[in-house]
2 protein chains.
Amino acid sequence: MEIAFLLYDGFTALDAVGPYEVLSRLPGAEVKFVAVESGPKTTETHSLSMVADYSLDEVTEPEILVVPGGFGTRRLLEDQELMDWLRAAHEKTTWTTSVCTGSLLLGAAGILEGLRATSHWAVIDRLADFGAIPTRERVVEEGKVVTAAGVSSGIDMGLRLAERIGGEDLAKGIQLGIEYDPDPPFDAGSPDTAPPHIVELLKSLLEQAEANAQAETA
Amino acid sequence: MEIAFLLYDGFTALDAVGPYEVLSRLPGAEVKFVAVESGPKTTETHSLSMVADYSLDEVTEPEILVVPGGFGTRRLLEDQELMDWLRAAHEKTTWTTSVCTGSLLLGAAGILEGLRATSHWAVIDRLADFGAIPTRERVVEEGKVVTAAGVSSGIDMGLRLAERIGGEDLAKGIQLGIEYDPDPPFDAGSPDTAPPHIVELLKSLLEQAEANAQAETA
């Protein structure tokens, strides 16, 4: 079972590695990290590189496609080579998935039109620009299109997919293998539960980061 | 603030990337991925490479040291160059930390002697071989030595460290930034809650993997 993870400069590491750590444990998983051009791709902070061993033309029919998010998505929204690849891959996939702002790329490729979909809480409204129905849930399934909320939600998405693909016992076994018995020290992982002054602070920080990302693109 | 993440062939990606995604967001964080020899290091399944930009001699006084786990730890337990580096780095750190079987490496370096410590649930008893006191908690703090349980627990550890370093608001802000509002589909992430037949199955799979890892080392 070929599982393709898209990489690009400016991706968020946990967006990719959360579902990777789950899905790579599926029996028969053949994981391929793919990018417009193969080679090392750096995270938003430039402090970590993960290697895309494959370029787009080397991975054409993945069964599962995972598109992580990150500020680097913004400069890819009009990359026609990538958009064509996403559309063509999506035609053949069993599952087309995204984490965080990876859903903006699926949206820009036209894959989310008319579908309920999610993204990072701070940018979810932008999905409407692509004809999607922004849906504030941690994992949103619409047929074979599965979108997950911000960054860490890809672990939950991976486990749900593992259940769909291999059944409940397999998913539970993977959960136990990665000892996913989360115990966050605070109940601050959602704008609904975090203190309002922290939500406001994060919004302004993310807006600044967004402006920086757009300035880099321009 | 220099934060060093150890990499080696056969590491578990989420062990490193969970705390990375939290700690790299600390103000002033300067993250360095380090290995005995710099270059790409592959995960246990060989399907993902992350790049160690630095060799051991280039990173000598990290403020925070993070040692991820993975089956690759087994062949490093008697690597004297690495053990010397761990001991020397630990003397200067503000925090010395591990995720999953990374604690076996801290143990082999003599850093856990007499300390309560944790590891992946399936191997935690081995910590006693290094004079540590195996402690089944998700995150165990003993002064500046902080060990976390299996794989995904590094996210929780990262947030606890973020609180110690920058206070509660900062930790909550990072938690909100990575939308860490976990919602696992099952309550199977601990051997205490997973169905017994799945715990037994995992134990036998992990024993097999352990045997394979030791055969590779021999």
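Everything numeric here is computed off the predicted structure, so don't read it as measured data.

So, how was this worked out
Residues numbered from 1 in each chain as written. Chains lettered and ligands numbered in written order. Predicted model: local features only at pLDDT ≥ 70, side-chain atom pairs only at ≥ 80, totals over all residues. Helix = DSSP H or I, 4+ residues; strand = E, 2+ residues; numbered from the N terminus. Buried ≥ 20, exposed ≤ 12 C-beta atoms within 10 Å, placed from the backbone. Contact = placed C-beta atoms within 7 Å. Least-squares fit on C-alpha atoms with pLDDT ≥ 70 in both. Pairing = 2+ DSSP bridges. Axes fitted to C-alpha atoms, helices over the stretch in contact; angles between N-to-C directions. Core = buried A, V, L, I, M, F, W, Y, C linked by C-beta atoms within 7 Å. Left-handed = near helix turned anticlockwise from the far one by under 90°. Nonpolar A, V, L, I, M, F, W, Y, C, P; charged D, E, K, R; others polar.

### Looking at the environment of Ser 119 of chain A
All names here are of chain A.
- Position of Ser 119 relative to the elements: it lies in the loop between strand 8 (116-117) and strand 9 (133-134).
- Here Ser 119 falls in the buried class, since 33 other C-beta atoms lie within 10 Å of it.
- Residues Ser 119 and Ala 149, spaced 30 residues apart in sequence, show a C-alpha to C-alpha distance of 4.3 Å.
- Setting aside anything within four residues of it in sequence, one finds Ser 119 in contact with Cys 100, Thr 101, Ser 103, Leu 104, Ile 124, Leu 127, Thr 147 and Ala 149.

### What to know about the relation of the copies chain B and chain A
- For these two chains of identical sequence, chain B goes onto chain A by a turn of 180 degrees and a shift of 0.0 Å along the axis, with RMSD 0.0 Å. In short, the pair behaves as if placed about a two-fold rotation axis. For chain B, the minimum C-alpha distance to the rotation axis belongs to Met 50 of chain B and amounts to 2.2 Å.

### Structural notes on unusual backbone geometry
Residues and elements named next belong to chain B.
- For His 46, which is not a glycine, the phi torsion comes out positive at approximately 65 degrees.
- Its place among the elements puts His 46 in the loop between strand 3 (39-42) and strand 4 (49-52).
- Its identity is not glycine, yet Cys 100 carries a phi of approximately 55 degrees, on the positive side.
- Since 33 C-beta atoms lie within 10 Å of it, Cys 100 is described here as buried.

### Quick word on the sheet that holds strand 2 (residues 30-35) of chain A
Residues and elements named next belong to chain A.
- Spatial ordering of the open sheet is given by 5-2-1-6-7-11-10, a layout of seven strands whose pairing is mixed. Both outer strands of the open sheet, strand 5 (54-55) and strand 10 (139-142), are each paired with one neighbouring strand and no more.
- Across three bridges, the pairing between strand 1 (residues 2-6) and strand 6 (residues 64-67) is parallel. Looking at the pairing, Ile 3 lines up with Ile 64 of strand 6.
- Lying over the sheet, helix 4 (residues 153-166) contacts strand 7 (95-99), strand 10 and strand 11 (145-148), oriented at roughly 150 degrees with respect to strand 11.

### Overview of the pairing of strand 11 of chain A
Residues and elements named next belong to chain A.
- In strand 11, alternate side chains face the same way, and those of Val 145 and Thr 147 on one face and Val 146 and Ala 148 on the other are all buried.
- Bridge count between strand 7 and strand 11: four bridges; the pairing is parallel. The residue of strand 11 that forms the bridge with Ser 98 is Thr 147.
- Of the pairings in the sheet, the one linking strand 10 to strand 11 comprises four bridges and is antiparallel in character. Paired with Val 140 across the strands is Thr 147, a residue of strand 11.
- Between strand 10 and strand 11, which pair antiparallel in sequence order, lie two residues; one of them, Gly 143, sits at a positive phi of approximately 60 degrees.

### Observations regarding the nonpolar core
- One finds Phe 5, Leu 7 and Val 34 of chain A together with Phe 5, Leu 7 and Val 34 of chain B to be the most contacted residues of the largest nonpolar core, which totals 145 residues.
- Discounting chain neighbours no more than four positions away, the residues touching Leu 7 of chain A are Ala 16, Phe 33, Val 34, Ala 35, Lys 41, Met 50 and Ala 52 of chain A.

### Overview of the pairing of strand 4 of chain B
Residues and elements named next belong to chain B.
- Sheet analysis places strand 3 next to strand 4, joined by four bridges and oriented antiparallel. By the bridge assignment, Pro 40 is partnered in strand 4 with Val 51.
- Hairpin connection of strand 3 to strand 4: six residues between the antiparallel strands, including His 46 at a positive phi of 65 degrees.

### Some details on the packing of helix 4 (residues 153-166) of chain B against helix 5 (residues 168-177) of chain B
All names here are of chain B.
- One can describe the packing of helix 4 onto helix 5 by two numbers: an axis separation of 7 Å at closest approach and a directional angle of 145 degrees. Between helix 4 and helix 5 lies a crossing whose hand is right-handed. Between helix 4, through Leu 159, Ala 162, Glu 163 and Gly 166, and helix 5, the contact on the second element is made entirely by Glu 168, Leu 170, Ala 171, Ile 174 and Gln 175.
- Its residues placed into classes, the contact of helix 4 with helix 5 shows five nonpolar, two polar and two charged.

### A short note on the sheet that holds strand 10 (residues 139-142) of chain B
Residues and elements named next belong to chain B.
- Taken in spatial order, the seven strands of this open sheet run 5-2-1-6-7-11-10, and their pairing is mixed. The open sheet is flanked by strand 5 (54-55) and strand 10, the only strands paired with a single partner.
- Here strand 1 (residues 2-6) runs beside strand 2 (residues 30-35); their pairing, made up of five bridges, is parallel. Across the sheet, the residue bridging to Ile 3 is Val 31, located in strand 2.
- Here helix 4 sits on the sheet in contact with strand 7 (95-99), strand 10 and strand 11 (145-148), set at roughly 150 degrees to strand 11.

### A word on helix 1 (residues 13-23) of chain B
- The buried fraction of helix 1 of chain B is high, at eleven of eleven residues.
- The set of residues buried in helix 1 of chain B consists of Ala 13, Leu 14, Asp 15, Ala 16, Val 17, Gly 18, Pro 19, Tyr 20, Glu 21, Val 22 and Leu 23 of chain B.

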